[in-house]
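Structural overview
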Amino acid sequence: MTTIGTGVPSYRFPRVTGRVRWFRSPSDVIASIDSDLESTIAIVESGGTTFLSPILGRLGGIICRDGTLRSHLAIVSREFEVPCLVGTQLTEVPEDGAEVTLEARDAETGVLFFEDAGAAPVTAPHPTTGDVSARWWDYVRRPGDEIGVKDFDVEVTPADLDGLIAEKLTDERLDDLVQHMGRAFKPEMTRRSSFTSELFPMLPYMSLSVIDDFHTYAERVAVIDAAMPAQEIGRRLRTAPGQASPLWIWMAGYHYLSGRECLIRMGRLRPDERTEEIRTVVDFWRRLTLAHRGDGTLDNKDAGFTNRYLPPDVVAELAAGTRRLDADGAKALKRLNATVAGYSFLYFTDSRVGIYDSGPYVQPDGRHTIVRDYLSLGPSAFAYPWAADLHPPFAGLSLVLTYDPGAFTSFEINDWGTTFTEPDQLLAAVTDAAVVGHAAEGRRVALRPQEWADVTTELSRSHLAVYQRFADMDRRERIFSATQMYTAGLRPFADVAGVTDRVDWSISPDTLALYPDPFDDDDQAAAIFGTALVANDMPGAFSPTR
Amino acid sequence: MTVSLATPTDLRALYTDASYEPSLEEWNWLVHKAGAAYKSELSRRTVFESELFGMNTYILMSMMEDYLQVPARLRAIRQHATPTSLVVDDLPIGNKRSFINLAAMPLHYLTGRELFVDLGEIDLADGLEDQLEVMRFWREATIAARTDGVLFNMDADPPDSSHVVGESLMAEIRGRLLPADDELKTAIRKFGARLTAYAFLENCDARTAVCDTGPYVLEDGSFLALRETCTDADGDFPWVDGVRETLPFHHFVIAHRLPGSVRMDNNVWGTAWFTPSDYQADILETRVFCTDDGTLRPLGAGEIEAATKAIRSAHRALYQRLAETDPEERNLYATQMYAWKLKPWARLAGCYDEIDWTVTPRIAESYARFSDPDLALQLIGGVFVPQDRDGCFRPLGGAERW
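These remarks concern the structure in this document. Predicted model, so just to flag it, every value in this text is computed and none were measured. (Residues numbered from 1 in each chain as written. Chains lettered and ligands numbered in written order. Predicted model: local features only at pLDDT ≥ 70, side-chain atom pairs only at ≥ 80, totals over all residues. Heavy atoms only, no water.)

**Some remarks on the overall build of chain B**
- Tallying secondary structure elements over chain B gives 14 helices and 8 strands in all.
- In chain B, once contacts between residues fewer than 6 apart in sequence are set aside, the share between residues at least 24 apart is 76%. (Helix = DSSP H or I, 4+ residues; strand = E, 2+ residues; numbered from the N terminus. Contact = heavy atoms within 4.5 Å.)

Structure follows, in structure tokens:
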């Protein structure tokens, strides 16, 4: 299958295949009035409806190179139930007679493709990787809007993606990428309202952990990447839910650069120092992200605040396991979710990094589904000491939540995998749900609603055990436990690459030297962390690399 | 000079009391509100072109023609009837004086004003009395037409809805609805699609003959959506001569009752969007009505089938005719189509023949200039999606900005 165009479907139509016929003037339309057009895919330039109107209802499909969902052609094709893509960007221009297929992937994305590229007459060559590369780097360089959002306007085929991943990260591109990341990161930090926890001194441990990432990641990444390239790890991690989430991938790059920024702010590092290390880590993150996301985007916000990394067959399997929620089921689901969320926050030292929402995935009936992963509930690749002897019922859980998108006026999943909706009661809108347990050996277990309460009870026991352990710790132990929580961030990737034992996971002496002065002091930590990443005069959070 | 955008203190009077004369500040508040909604809607469309009709060109010409002609025509109509009487004396749905026609009246006229200003032919201070004439007619007629106590769809309850049907007519419609089995839904969908496509063609690729009102929310959470589609029955459009006579019916209302899980958003000029977009599978009850004689007559399955076939034949004939028409002539048809929005009002008022409907010669001749697609796009873009203001229109009375 070779994708040759993308557009906006006028409605959620079923896949249709037919032969291309160009219509350029009314005489073309009149000449076809008495033809059998059911297998004809008409291609037109603009979105007026009258041009095709005498034959519109009999066409197999329509490709319009201009227009929006509000164009007349979109309105009338929907009335006729004739598959139609408007605003179609063609990367190849099929000739009359070429066999093409139209497919509405979701409410906003439709594709045109050749089932068999070899059989298709084509007049224009497919853009070279160089073209895609140039446009992709243009995307990286664009500043975006006031919160760093920018439309991702590059059609990236699997071959293009391979080409992008294989590119060398030159000095210029490294700086472009760091600036892109900084512009994406700063608004998220600015919008975040709180860095407080009753149990964990958050700013001390966040500062120490990101600084330790800067001190250690280049060496760790080199070991992992040599054993298994980042892109291969990314491909493996996108095959199923419940694995190292996109958030941990995100942290691999962003936390590392946050540590660099803190050190610059403290006067311990110049922006032009350790460039090769920065290149090593940022390039690892870049390849890992591209391979995991699979669509050429780097961030949820540039993908319309979505992350649809799971393959369609996996989503279909998960969605097939959902059941309509009655009042009792809805109540049990809310209780389970609240319990697991509370436990996950504690397990990850009052942080959200154990939870990740992916999607929304569009279902054939138009409803949407998100998959909420609770990543690690017991002993895991993270090797946290406080979890070593826990015995939760499952290593992880995934909640499959289906809802009517019309219930929300706004629906966004940010780069941290947190869903923001308007109205804000997501679970109240969920009509169908499934709960999937991830067994330690990787097997997925569908949990019936009557089993949800048992899981809730068992997790409550684990919650108490972990809480007791943290409560027994003094301040220093809590700070370094939480630091370790974050600095173990590359462990899941090392686990996939099979090199966990070849990496030094200890906290760097350079990091330890920053405790207790200044990072035992909450105010100093807040000043360093805050001014480094938010309260600076740069357009983004991160300093240029050159 | 700027104009304040403070919300008027007595919105109730502004929205519902036809005898109340708004101040210039209040008129400007309405102009700004309309312009912002218009810009918001237009900025979501990228295409104003068609292989058959040069849409940007005829939009320019017709809206400038509106600016030149509409005030005098409205004064002529007022000599015979008030806007209120013209609305209340007839069925509120299923005729060419529909909500979309009424909503377009000030939007098109004020677009024409913007174009003349941008072309340097008038100043912002010019023509205030003419402008208020148009605004007054629109406001009075809208107050009479709407049953929801607002002037714009975005202010209605629910937001982005319009309501023109009163209780007794609503009861009559609901009493005639039929359960929507698959066979009926398919038949009505095909009829609706065929009719919509024909209406677009007859109106030169404009949607002015297809008007949505609703959602009319019902007591059980479901809602009624009404789509009026009116073809030319009276001889307004000469390019339909000989074709209109082949249609058995001309004015239609299609009613659907839909579940609350479907969302209907009705924009500022009365075009509805449904979520999910393939809402037709969710229709609970439905019916096609004919309103040719000023009453609501439900059509049977045989009549719908006959109408569908007739519309299809008429469509072919009209398409053939338009395709063979010289592009400049075609463009004149389209200019007339938009510029003749007052014809059905004049017919009802009884003064159709008193009005000279000829397109102003200088406007007809401007085709030579405005058929340049780049110039047309530049001028239209400057009004529809202006970069220097948040709405399409500048204040009335001479101020340059809000």
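Okay, back to it.
**Focus on the overall build of chain A**
- Across its full length, chain A holds 17 helices and 15 strands.
- Here chain A holds 546 residues, and 60% of them are scored as buried.
- For chain A, contacts bridging at least 24 residues in sequence account for 73% of all contacts bridging at least 6.
- Put simply, chain A shows about 20,900 Å² of open surface, and 49% of that area lies on carbon and sulfur atoms. (Buried < 20%, exposed > 50% of the residue type's maximum accessible area, 1.4 Å probe, protein only. Areas by Shrake-Rupley, 256 points an atom, 1.4 Å probe, with all protein chains shown as cover.)

**A look at the interface of chain B and chain A**
- The interface is formed by 38 residues belonging to chain B together with 36 residues belonging to chain A.
- The largest per-residue losses of area from chain B upon contact with chain A belong to Glu51(B), Trp273(B) and Tyr319(B), which jointly make up 21% of the total buried on that side.
- Inspection of the chain B/chain A interface yields 1 salt bridge.
- Salt-bridge contacts for Arg189(B) lead to Glu81(A); the nearest nitrogen and oxygen are separated by 3.4 Å. (Buried area = accessible area lost by both parts, 1.4 Å probe. Salt bridge = Lys/Arg side-chain N within 4 Å of Asp/Glu carboxyl O.)

**Let's talk about the sheet that holds strand E7 (residues 110-114) of chain A**
Residues and elements named next belong to chain A.
- One closed barrel accounts for 7 strands, arranged E1-E5-E4-E3-E2-E6-E7; its pairing is mixed. Sheet twist, expressed as the mean angle between neighbouring strand axes with direction ignored, is 40°.
- Strand direction decides the pairing type here: strand E2 (residues 16-22) and strand E3 (residues 40-44), joined by 4 bridges, are parallel. By the bridge assignment for E3, Arg19 is matched with Thr40. (Pairing = 2+ DSSP bridges. Axes fitted to C-alpha atoms, helices over the stretch in contact; angles between N-to-C directions.)

**Considering the pairing of strand E5 (residues 84-90) of chain A**
All names here are of chain A.
- Taken across its 7 residues, E5 has 5 buried, putting it largely inside the fold.
- When strand E1 (residues 2-9) meets E5, the two strands line up antiparallel, connected through 4 bridges. For Pro9, the partnering residue across the bridge sits in E5 and is Leu85.
- Both strand E4 (residues 61-64) and E5 contribute to a ladder of 2 bridges, which runs parallel. Counted as the bridge partner of Ile63 is Leu85 from E5.

**Re the pairing of E4(A)**
All names here are of chain A.
- Alternating positions in E4 separate into two faces, Gly61 and Ile63 on one and Ile62 and Cys64 on the other, with burial throughout.
- Pairing of E3 with E4, which is carried by 4 bridges, proceeds in the parallel orientation. Bridge assignment links Ile41 to a residue of E4, and that residue is Gly61.

**Some points on helix H9 (residues 301-324) of chain B**
- Here H9(B) is 24 residues long and its end C-alpha atoms lie 35 Å apart, about the 34 Å a rise of 1.5 Å per residue gives.
- What H9(B) keeps buried is the set Ile304(B), Ala307(B), Thr308(B), Ala310(B), Ile311(B), Ala314(B), His315(B), Leu318(B), Tyr319(B) and Leu322(B).
- Tucked inside the fold, the buried residues of H9(B) contact helix H1 (26-31) of chain A together with helix H8 (182-202), strand E7 (285-290) and helix H10 (327-339) of chain B. (Expected span 1.5 Å × (residues − 1).)

**A word on the side chain of Arg293(A)**
Residues and elements named next belong to chain A.
- Within the secondary structure, Arg293 is located in helix H9 (residues 275-293).
- Among buried Asp, Glu, Lys and Arg side chains, Arg293 stands out as unpaired, with Asp295 the closest opposite charge at 4.0 Å.
- Within the local environment of Arg293, its side chain forms a polar contact with the side chain of Thr297, the two groups lying 2.8 Å apart.
- The contacts of Arg293, once residues within four sequence positions are left out, are Arg238, Leu298, Asp299, Asn300, Ala303, Thr306 and Asn307. (Lys, Arg positive; Asp, Glu negative; His and termini not counted. Polar contact = N/O pair within 3.5 Å; in protein donor to acceptor, adjacent residues only side chain to side chain.)

**Regarding the packing of aromatic side chains**
- Applying the stated criterion across every chain yields a total of 46 aromatic pairs over all chains.
- Plain terms: the ring middles of Phe408(A) and Phe411(A) are 5.5 Å apart, the flat faces sit at 70° to each other, and that makes the pair edge-to-face.
- According to the relative accessible area criterion, Phe408(A) is buried, its value standing at 7%.
- Members of the aromatic cluster, each reached through a chain of ring pairs, are Phe200(A), Tyr205(A), Trp248(A), Tyr343(A), Tyr347(A), Phe348(A), Phe382(A), Tyr384(A), Trp386(A), Phe470(A) and Tyr486(A).
- Here Lys150(A) stacks its cationic end above the ring of Tyr139(A), 5.2 Å away from the centre of that ring.
- A cation sits over an aromatic face here: Arg347(B) above Tyr352(B), 3.9 Å from the ring centre. (Phe/Tyr/Trp six-rings, centres within 6.5 Å; stacked < 30°, edge-to-face > 60°. Lys NZ or Arg CZ within 6 Å of the ring centre and 35° of its normal.)

**Here's the deal with unusual backbone geometry**
- Cis geometry marks the peptide bond from Asp157(B) to Pro158(B), where omega comes out at 0°.
- Take Pro158(B): it is sitting in the loop between helix H6 (128-145) and helix H7 (167-176).
- Here Gly214(B) and Pro215(B) are connected by a cis peptide whose omega angle stands at 0°.
- Topologically, Pro215(B) is positioned in strand E2 (residues 210-217).
- Unlike most non-glycine residues, Arg274(A) shows phi in positive territory, near 55°.
- On the secondary structure map, Arg274(A) appears in the loop between helix H8 (246-265) and H9.
- For Arg274(A), a relative accessible area of 32% corresponds to the partly exposed category.

**Overview of H8(A)**
All names here are of chain A.
- With 20 residues, H8 should reach 28 Å at 1.5 Å per residue; the first-to-last C-alpha distance of 28 Å fits that figure.
- Ala252 marks the point of greatest bend in H8, at about 35°.
- Just past H8, the residue Gly267 takes up positive phi, approximately 75°. (Bend = angle between axes of the 7 residues up to and from the residue.)

**Points about the packing of helix H4 (residues 158-166) of chain A against H9(A)**
All names here are of chain A.
- For the pair H4 and H9, interaxial distance at closest approach is 9 Å and the crossing angle is 170°. Classed by the angle they form, the pair H4 and H9 counts as roughly antiparallel. In this structure, H4 uses Leu161, Leu164 and Ile165 to contact H9, whose residues at the interface are Arg286, Arg287, Leu290 and Ala291.
- When grouped by side-chain class, the residues that make up the contact of H4 with H9 number 5 nonpolar, no polar and 2 charged. (Parallel < 35°, antiparallel > 145°, perpendicular 65-115°, else oblique. Nonpolar A, V, L, I, M, F, W, Y, C, P; charged D, E, K, R; others polar.)

**Considering the packing of helix H2 (residues 24-42) of chain B against H6(B)**
Residues and elements named next belong to chain B.
- Between H2 and H6, the least distance of the axes is 12 Å, while the angle of their chain directions is 70°. The angle between H2 and H6 falls in the class roughly perpendicular. Considering the relative orientation of H2 and H6, their crossing is left-handed. Listed contacts from H6 to Leu24, Trp27, Leu30 and Val31 of H2 are Leu128, Leu132, Met135, Arg136, Trp138 and Arg139.
- Split by residue class, the contact of H2 with H6 holds 8 nonpolar, no polar and 2 charged. (Left-handed = near helix turned anticlockwise from the far one by under 90°.)

**Points about the pattern of salt bridges**
- In total, this model carries 58 salt bridges over all chains according to the counting rule given.
- For Arg270(A), the salt bridge identified is with Glu273(A), shortest N-O distance 3.7 Å.
- Residue classification places Arg270(A) among the partly exposed residues on the basis of a relative accessible area of 48%.
- Put simply, Arg257(B) and Asp220(B) hold a salt bridge, and the shortest N to O gap is 3.4 Å. With Arg257(B) in strand E4 (residues 251-258) and Asp220(B) in the loop between E2 and strand E3 (223-230), the pair connects residues that are 37 residues apart, well separated along the chain.
- Residue classification places Arg257(B) among the buried positions, given a relative accessible area of 15%.

**Let's talk about the side chain of Thr349(A)**
- Secondary-structure assignment places Thr349(A) in the loop between helix H11 (327-347) and strand E9 (355-362).
- Other than its neighbours up to four places away in sequence, Thr349(A) contacts Phe200(A), Tyr205(A), Trp386(A), Phe470(A), Ser481(A), Ala482(A) and Met485(A).

What is shown is where atoms sit, not what they do.
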